[in-house]
Every structure is written in C-alpha cells, then in structure tokens.
Amino acid sequence: MNSDRKELIKEILIGIGLLGLITITGAMAPNVFSTLSKNKFTKRKYDKKIGKAIHSLKERKLIIIKENYDGSMRVELSKNGKKKILEYDLEKLKIKPMKKWDDKWRFVMFDIPNKFKSRANSLREKLKELGLYQFQKSVWIHPYPLENEVEFILKLFEVKPFVKLGEINEIDGESKLKKKYNLK
C-alpha cells in the first residue's frame with residue numbers, strides 16, 4: 001500500500017472517529033457509496049481512491065457499513081477501528097513542559113505480569129519516547145505533569161491495573177535529574 005493511500009485511509013478513519021459515525025446518502029457522494037456493499041466504485045480518480053480506501057477499511061474490519069431503511073449507508077468504527085485511531089493519536093503524543101517547574105517529580109511505576117511482556121516493553125519504549133527517565137527497570141521519572149498522556153497509553157496497551165502514577169517532592173539523585181531536564 002503506497003503512502004498516499006495509507007494517509008487517505010488514516011484520514012478517513014480519524015474522520016469517522018471524530019464524528020462517531022457517518023450516514024451517507026446518495027446525494028452526498030452518489031458515485032462512491034451507492035454501491036459500496038457490492039464493492040463497485042466510480043471511475044473518477046478521487047472518488048475511486050476514497051472508495052478503495054473505504055473498502056480496505058471494511059476488509060480490515062476497521063469500520064462497519066450498514067444500509068439504513070431509507071437507502072443511505074451508515075459507516076461507523078468497529079472495535080478494531082477505535083484501537084487503530086488510538087494508535088494514530090499515540091504517534092502525536094507529547095508531554096508539555098511547564099513555564100515554571102513546580103519542583104515536583106512525576107513517576108510511573110509498574111509490575112506487569114510476564115504474560116504481558118510485550119505490552120510492558122511497548123510501555124517502556126513509549127515512556128522513553130516521551131522523555132521520561134528510567135530510574136529503575138519499571139520506574140520512570142519526569143518533571144512535568146503527565147497523567148493524561150500516560151493514562152491514554154495505559155488504556156491503549158491495556159495495562160492500567162498494573163501501573164501506578166504519583167508525585168514526589170524530592171528524590172535521591174535529584175541533581176542528576178535536574179541537569180538532564182535543564183531545571184534549576
């Protein structure tokens with residue numbers, strides 16, 4: 001799949017996610033959706049691209065397409081589609097620095113069972129990407145508020161029950177951490 005098509009699929013999926021569901025009538029896009037369930041698409045280039053992208057989303061079970069009683073089509077995200085959107089959001093996730101640091105350290109610590117080892121490794125990788133400092137194997141530290149960002153990750157990786165978040169005012173080795181984050 002080429003990158004333009006991947007991007008179009010991503011945009012359609014996010015669009016459906018933002019709207020919750022889309023009801024498509026023949027008047028809105030007659031050539032693209034009127035025969036969607038029969039996998040026939042318009043010959044116009046752009047409509048054809050959209051049609052193929054939607055067909056791909058349907059084949060990958062990321063969307064559900066249903067015909068309404070009035071002949072319009074209803075497109076909504078499947079459970080897998082909702083997960084995929086979270087993955088797209090994960091790519092953009094960042095922890096915002098404070099204008100003035102509040103002298104508190106935020107920590108994430110976890111004890112994830114071995115049967116979820118790949119999830120634990122993914123969590124470590126994402127915490128590292130976000131700029132957290134690995135204090136111990138499963139204890140990560142950051143100077144700025146991170147609860148919303150980490151909660152989002154925990155939901156996506158389905159590891160919330162095994163993770164604790166908190167704040168502390170001081171920690172051993174604080175001068176090293178302050179230096180790492182350019183704090184005074």
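Residues numbered from 1 in each chain as written. Predicted model: local features only at pLDDT ≥ 70, side-chain atom pairs only at ≥ 80, totals over all residues. Heavy atoms only, no water.

1. Digging into the sheet that holds strand β6 (residues 139-142)
Move 1: Strands sit in the order β5-β6-β4-β7 across an open sheet of four strands; the sheet is antiparallel. Sheet topology places β5 (133-136) and β7 (163-168) at the edges, where each strand pairs with a single neighbour. Put simply, the sheet's adjacent strands are angled 30° from each other on average, direction ignored.
Move 2: Here strand β4 (residues 105-110) pairs with β7 via six bridges, running antiparallel. By the bridge assignment, Trp105 is partnered in β7 with Ile168. (Pairing = 2+ DSSP bridges. Helix = DSSP H or I, 4+ residues; strand = E, 2+ residues; numbered from the N terminus. Axes fitted to C-alpha atoms, helices over the stretch in contact; angles between N-to-C directions.)

2. Side note on the side chain of Ser138
Move 1: Tracing the backbone through its elements, the reader meets Ser138 in the loop between β5 and β6.
Move 2: For Ser138, a relative accessible area of 18% gives the class buried.
Move 3: Contact partners of Ser138, with chain neighbours within four places excluded, come to Val108, Met109, Phe110 and Arg124. (Buried < 20%, exposed > 50% of the residue type's maximum accessible area, 1.4 Å probe, protein only. Contact = heavy atoms within 4.5 Å.)

3. Side note on unusual backbone geometry
Move 1: Non-glycine residue Lys61 carries a positive phi angle of around 60°.
Move 2: Mapping Lys61 onto the fold places it in the loop between α3 (45-59) and β2 (63-67).
Move 3: Taking the relative accessible area as the measure of exposure, Lys61 reaches 57% and is therefore exposed.

4. Here we look at the pattern of salt bridges
Move 1: Counting across every chain of the model gives seven salt bridges.
Move 2: For Glu167, the salt bridge identified is with Arg106, shortest N-O distance 3.6 Å. Of this pair, Glu167 sits in strand β7 while Arg106 sits in strand β4, and the two are 61 residues apart along the sequence.
Move 3: With relative accessibility at 46%, the residue Glu167 sits in the partly exposed group.
Move 4: Given a relative accessible area of 4%, Arg106 falls into the buried group.
Move 5: Linking Glu158 and Arg119 is a salt bridge whose minimum nitrogen-to-oxygen distance equals 3.7 Å. Of this pair, Glu158 sits in the loop between α6 (147-157) and β7 while Arg119 is found in helix α5 (residues 117-129), placing the two residues 39 residues apart along the sequence.
Move 6: The class of Glu158 is partly exposed, set by a relative accessible area of 36%. (Salt bridge = Lys/Arg side-chain N within 4 Å of Asp/Glu carboxyl O.)

5. A short note on α6
Move 1: Residues Glu149, Val150, Phe152, Ile153, Leu154, Leu156 and Phe157 constitute the buried set of α6.
Move 2: Residue Glu158 follows α6 closely and has a positive phi angle near 55°.

6. Structural notes on the pairing of strand β3 (residues 73-77)
Move 1: Where burial is concerned, most of β3 is hidden: four out of the five residues are buried.
Move 2: One ladder, built from five bridges, connects β2 with β3; its direction is antiparallel. Its bridge partner lying in β3, Ile64 is registered against Glu76.
Move 3: From the end of β2 to the start of β3, which pair antiparallel, there are five residues, and Gly71 there has a positive phi angle of about 95°.

7. Considering the pairing of β4
On any regular strand, side chains alternate: one points to one face of the sheet, the next to the other face.
Move 1: Across the six residues of β4, five count as buried, placing the element largely inside the fold.
Move 2: Pairing of β4 with β6 involves four bridges; the strand directions are antiparallel. Of the residues in β6, the one forming a bridge with Met109 is Val139.

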